[in-house]
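Notes for the structure review
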Amino acid sequence: MLVLGDLPGPDAAPKPAVLSRLLRAGLPIPPGLAVAPEALSDRAVRRRLEDLLAGGPVIVRAALAGEDTADAAAAGLGLSVPDCRDLADLDRAATAIAEAAGDPWLLRYGGGPPRYQLLVQRQVERRWLAVAAADRGGARLLELHDAARADALAAGASPGWSGPLALAEPALAAPITSIFDHVASVMSEVPALDLELVVDPTGAVWLVQARPLARPLVPGWPEFCAAVAPGRDHLPDLPGLWKLDGEHNPAVLSPAHAGVVTWLIGQGSGLRVLGGWLYERASSSSRGAGVDPHRALAELRGRHLPAARRALAAFVDDLAGDLRPLLARALEHLRAILALHAEVRVDLPRDLPEPDPRALLSLHDRGDYLDVLPAAWDIASPALADLVDPTCLAREPAGREGQPDGAAEDLQGDRERASDPTGQPQAPPAREPERDPGSEIDPAEPRASPARERERDPGSELEPAEPRASPARGPERDHGAAVDPADPQRAAVLVRELDDHLFALGLAPLRRIYLAAGERLGLGDDIFLLAPDELSLALAGRDLPDLAARRREQQRFAELRPPPALFDGRPLPVSPRRRLGGIGVGSPARGPVARRRDLADLLARPPAPDAVVVLPALTAQAAVALRALGVRAVCCEYGGALSHAALMARELGLSALIGCTGCTELADGLEVELDTRVGRLRVRSPADVLSNR
């Protein structure tokens, strides 16, 4: 038996041993004791337990021998039983914990029956459950969970608030920061910490668990920092919260696109390119507030999209001339498009509307823009028209015949029929919406980068840039005749889908100019190794930079592991509880991992019918590829409850996990179970796979 606060012996389980050490150091830890299950009937032990119960209810937790050590740290491996008020309750809790220890998954994890102790502690009345985690020297993450759900942490439930500890309410931030500092000084030998805390109704904070993490919360940070800021332990000149734009740009940018973003930064955009990766400043502004979705749809269809088509045609007509002034015009054209993009930006509903199989919002009008929609949001990326058969949008997806989901509907019918105005909003199945670090600070999820938040420059009207009567290249349609959703929530979602077409038309002239320059200079696709200013110099006959060195630098950037968020130039982690967890959509699925770098890779290497496709992100245009290939199950690293990924997964009838941290690290071909009911991705053992064949 170990009474917390005593010096732990060699037989103490790691969890109570750490808590006892911290209590001896003066940390606020609820009183308790740890005992082997077989010693629970000992009279001396029961007297100790009676003394503890005299002070109020207790919680009984399994303290496994193989967790919370320098070699293995994990949350939720053992069962916890709260609200025990007498010895009989304690006996029942011990029985439940013993039964849970026989769980097949836990047996596989530990390689046999787990050894454990019972940790019995005074139960603190809870106002909040909190998690604080950080790598040593990194920014500290705070998550606040609903105290009404006792298993919130073990179950990996979505937090009510998540963000940098420094940005939490001062009444919480101050005591939690003090506790974190104290624990870090006592446990100075560990590289990272994961703390569980309880905030009681008086505002007092209690430490209930301290895990020395077995590996960094932000792997790859030293290499990333060295590439961006050599010789520093943080990135200077990055105050506040910055988020990797993983949902839209989950890969390293080409030098050409990075140069475009750098030009936009000079125009006042809240963006940064760090080691070739795109970051966006988090903002508390609601950029679409007050914009009527039906008016925005009318503006998109009646004015902005047709005008952008005409502008693209004008650029194409001028490709035979001097490309240098055309390049400058194309950059200004993109800036004007981004201003229009901001004007039609609407607020999304709290939850995605229920899918209507007769009108798939994720595929709405996509066929009309395949010539400009890129496989990735990068001017170096080919258009979908170069990668996919456009007739896939008007036929049954391969392997899905007879299935009663939205993917079985003909897209032409979607264009000609009105949306069902009676559809009511419904939250994504299985889990409440996930929130990324800082989501409370930036509740409006960013869409197509770059420079979405920029106000329109009155002098940058789009129409004067293309005063020609030349017909638009690519497919045309009578946008005014289209029938749009009557329901404002569905209309808002459709606006956020169609505004990607506008953004694509903003990028398209730059890509056409680059391709023409590549042919003219004999560089082919190497032309995308040049930033716009370098391209202009090359067109003027100046010497090219060392393209071989540029390719090596690009490869080095591609191998970096960018942190998902930065706060004051330091990495802000994702909670370890969210690893291989995400927002579940559709039915559970099993199969081998088919890992793909991006949409182009997915289209070049179609997965097996039973595969679970793993991608960094599902951008708006991914719906075309998923439908073309008849994909059934998908898992992506980035994305939220209102993302393109969540919408297309629901509408196409997929099994999906959205925002599943760590999924892209899984080996190709590994057998997994995608459990959408609880939002978890589980690796299956060979025995499980064989037993189901």
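Keep in mind the model is a prediction, meaning the values are calculated, not measured.

So, the overall build of the protein
When helices and strands are counted, the protein shows 17 helices and 22 strands. Sequence separation of at least 24 residues holds for 72% of the intrachain contacts in the protein that already meet a minimum separation of 6. Surface exposure of the protein reaches about 27200 Å², of which carbon and sulfur atoms provide 52%.

Considering the pairing of strand β3 (residues 58–64)
With 7 of its 7 residues buried, β3 lies for the most part within the structure. Burial of the side chains of β3 extends over both faces: Val 58, Val 60, Ala 62 and Leu 64 are buried on one face and Ile 59, Arg 61 and Ala 63 on the other. Relative to strand β4 (residues 80–84), β3 runs antiparallel, the two sharing 3 bridges. Paired with Val 60 across the strands is Val 81, a residue of β4.

Some points on the pattern of salt bridges
The final tally for this structure, using the stated rule, is 25 salt bridges. As a salt-bridge pair, Arg 92 and Asp 89 come within 2.4 Å of each other at their nearest N and O atoms. Of this pair, Arg 92 and Asp 89 both sit in helix α3 (residues 87–100), 3 residues apart, which is roughly one turn of the helix. Residue Arg 597 is joined to Asp 601 by a salt bridge in which the shortest nitrogen-to-oxygen separation is 3.7 Å. The exposure class of Arg 597 is exposed, given its relative accessible area of 60%. Beyond isolated ion pairs, a larger network of salt bridges with shared partners links Asp 194, Glu 196 and Arg 211.

A look at the sheet that holds strand β15 (residues 570–572)
Pairing is antiparallel in the open sheet, where 5 strands are placed in the order β12-β13-β11-β14-β15. Each edge of the open sheet carries a strand with a single partner, namely β12 (271–274) and β15. Within this sheet the neighbouring strands show an average axis-to-axis angle of 35°, counted without direction. Where β12 and strand β13 (residues 277–281) come together, 4 bridges link them in antiparallel fashion. From the neighbouring strand, Arg 272 faces β13, where its bridge partner is Tyr 279. Sheet contacts for helix α7 (residues 255–266): β12 and β13; angle to β12, the most-contacted strand, approximately 140°.

Quick look at the state of the cysteines
Here the structure, examined in full by the defined rule, presents 0 disulfides. The structure places no disulfide on Cys 635, whose sulfur is separated from the nearest cysteine sulfur, that of Cys 660, by 3.7 Å. Given a relative accessible area of 0%, Cys 635 falls into the buried group.

Focus: the packing of aromatic side chains
A full pass over the atoms with the stated rule returns 4 aromatic pairs. Sitting above the plane of the Phe 315 ring, Arg 329 keeps its charged end 4.8 Å from the centroid.

Here's the deal with the sheet that holds strand β6 (residues 128–135)
A sheet is described by the order of its strands in space; here 5 strands give the open sequence β8-β7-β6-β9-β10, paired in antiparallel fashion. Edge positions in the open sheet fall to β8 (161–164) and β10 (205–212), since each of these has one partner strand only. Between one strand and the next, the sheet's axes are offset by a mean angle of 15°, whatever the strand orientation. Bridge analysis of strand β7 (residues 141–146) against β8 gives 4 bridges, and the strand direction is antiparallel. The residue bridging Leu 144 from the neighbouring strand is Trp 161, located in β8. Its contacts with the sheet place helix α5 (residues 170–186) against β6, β7, β9 (192–199) and β10, and it is angled at close to 140° to β9.

Focus: the environment of Gly 240
For Gly 240, the position within the fold is in the loop between α6 (221–228) and β11 (241–244). When the C-alpha atoms of Gly 240 and Pro 164 are compared, they prove to be 9.5 Å apart, with 76 residues separating the residues in sequence. Setting aside its immediate chain neighbours within four residues, Gly 240 contacts Leu 566, Phe 567 and Asp 568.

Concerning the environment of Gly 630
Relative to the assigned elements, Gly 630 resides in the loop between α15 (622–629) and β19 (633–636). For the pair formed by Gly 630 and Pro 606, sequence separation is 24 residues and the distance between their alpha carbons is 9.5 Å.

Describing unusual backbone geometry
One non-glycine residue with positive phi stands out, namely Asp 568, at about 50°. Unusually for a residue other than glycine, Leu 580 sits at a positive phi of about 55°.

Some details on the side chain of Ser 20
Relative to the assigned elements, Ser 20 resides in helix α1 (residues 14–24). Excluding residues that lie within four positions of it along the chain, Ser 20 makes contacts with Leu 2, Val 3, Leu 4, Gly 5, Asp 6 and Pro 8.

What to know about the packing of α7 against helix α9 (residues 323–343)
At a minimum axis distance of 11 Å, the contact between α7 and α9 shows a crossing angle of 65°. Here α9 runs roughly perpendicular to α7, going by the angle between their axes. Crossing of α7 over α9 shows right-handed handedness. Along its contact with α7, which presents Val 260, Trp 263 and Leu 264, the element α9 presents Leu 331, Glu 332, Leu 334, Arg 335 and Leu 338. By residue class, the composition of the contact of α7 with α9 is 6 nonpolar, no polar and 2 charged.

Examining the confidence of the model for the protein
Averaged over the protein, the pLDDT score is 83; the fraction of residues at 70 or greater is 81%. Across residues 397–482, where pLDDT falls below 50, the model places 243 contacts with residues more than four positions away in sequence or in other chains. Of the regions scoring below 50 in pLDDT, residues 687–693 engages in 6 contacts with residues more than four places distant in sequence or in other chains.

A look at the packing of α9 against helix α12 (residues 532–539)
For the pair α9 and α12, interaxial distance at closest approach is 9 Å and the crossing angle is 165°. On the basis of the axis angle, α9 is roughly antiparallel to α12. Regarding α9 and α12, the two cross each other, and that crossing is left-handed. From α9, Leu 323, Arg 324, Leu 327 and Leu 331 reach across to α12, where they touch Pro 532, Leu 535, Ser 536 and Leu 539.

Rules used throughout
- Residues numbered from 1 in each chain as written.
- Predicted model: local features only at pLDDT ≥ 70, side-chain atom pairs only at ≥ 80, totals over all residues.
- Heavy atoms only, no water.
- Helix = DSSP H or I, 4+ residues; strand = E, 2+ residues; numbered from the N terminus.
- Contact = heavy atoms within 4.5 Å.
- Areas by Shrake-Rupley, 256 points an atom, 1.4 Å probe, with all protein chains shown as cover.
- Buried < 20%, exposed > 50% of the residue type's maximum accessible area, 1.4 Å probe, protein only.
- Pairing = 2+ DSSP bridges.
- Salt bridge = Lys/Arg side-chain N within 4 Å of Asp/Glu carboxyl O.
- Axes fitted to C-alpha atoms, helices over the stretch in contact; angles between N-to-C directions.
- Disulfide = S-S within 2.5 Å.
- Phe/Tyr/Trp six-rings, centres within 6.5 Å; stacked < 30°, edge-to-face > 60°.
- Lys NZ or Arg CZ within 6 Å of the ring centre and 35° of its normal.
- Parallel < 35°, antiparallel > 145°, perpendicular 65-115°, else oblique.
- Left-handed = near helix turned anticlockwise from the far one by under 90°.
- Nonpolar A, V, L, I, M, F, W, Y, C, P; charged D, E, K, R; others polar.
- pLDDT = per-residue confidence, 0-100.

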